[in-house]
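Architecture at a glance
Listed below are the residues making up each chain.
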Amino acid sequence: MSYKVIWSNFAESELDKIFEYYIEQASLEVAKKIIKNILAEPKRLINNSEMFQTEELLIDREEIYRYIVCDNYKIIYSVDIKLKLIKIADVFDTRQNPIKIKHNK
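The rules behind the values
Residues numbered from 1 in each chain as written. Predicted model: local features only at pLDDT ≥ 70, side-chain atom pairs only at ≥ 80, totals over all residues. Heavy atoms only, no water. Axes fitted to C-alpha atoms, helices over the stretch in contact; angles between N-to-C directions. Helix = DSSP H or I, 4+ residues; strand = E, 2+ residues; numbered from the N terminus. Parallel < 35°, antiparallel > 145°, perpendicular 65-115°, else oblique. Left-handed = near helix turned anticlockwise from the far one by under 90°. Contact = heavy atoms within 4.5 Å. Nonpolar A, V, L, I, M, F, W, Y, C, P; charged D, E, K, R; others polar. Patch = residues over 30% accessible without salt bridge, like charges linked within 9 Å, V, L, I, M, F, W, Y side chains within 5 Å. Areas by Shrake-Rupley, 256 points an atom, 1.4 Å probe, with all protein chains shown as cover. Salt bridge = Lys/Arg side-chain N within 4 Å of Asp/Glu carboxyl O. Lys, Arg positive; Asp, Glu negative; His and termini not counted. Charge placed at Lys NZ, Arg CZ, Asp CG, Glu CD.

1. Looking at the packing of helix α1 (residues 9–25) against helix α2 (residues 28–40)
Interhelical geometry of α1 versus α2 gives an angle of 150° and a closest axis separation of 7 Å. As far as their axial angle goes, α2 and α1 are roughly antiparallel. α2 is crossed by α1, and the crossing has right-handed handedness. Contact with α1, carried on its side by L15, I18, F19, Y22 and I23, involves L28, V30, A31, K32, I34, I35, I38 and L39 of α2 and no other residues of that element. Across the contact of α1 with α2, the residue classes break down as 12 nonpolar, no polar and 1 charged.

2. Description of a negative patch on the surface
On the surface, E12, D16, E20 and E24 cluster together into a negatively charged patch. For E12, the location among the structural elements is in helix α1.

Functional significance is not addressed by these values, which are geometric in nature.
Shown next, in the form of structure tokens:
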């Protein structure tokens, strides 16, 4: 049985911010392309949910967080084996100070 991908409200909010940023700084087409790429990445996890590295900056959390890199973004996720869910917690711009990834989600 494969996993289902779900996005947290926080991750969706980050996607909205990314989209708005690229509309202002580049164009609607660029914004759409970046969001499309980010949304497609987690599909790689459906049959192999633990194929990516653990996020070392979040090892103090109760859940184990992993990440996928897509362009300049880390897609932070956890896996619920029992419910067969891949839970996207954050979309983090890697050009920021890495310590910012520790904010509460």
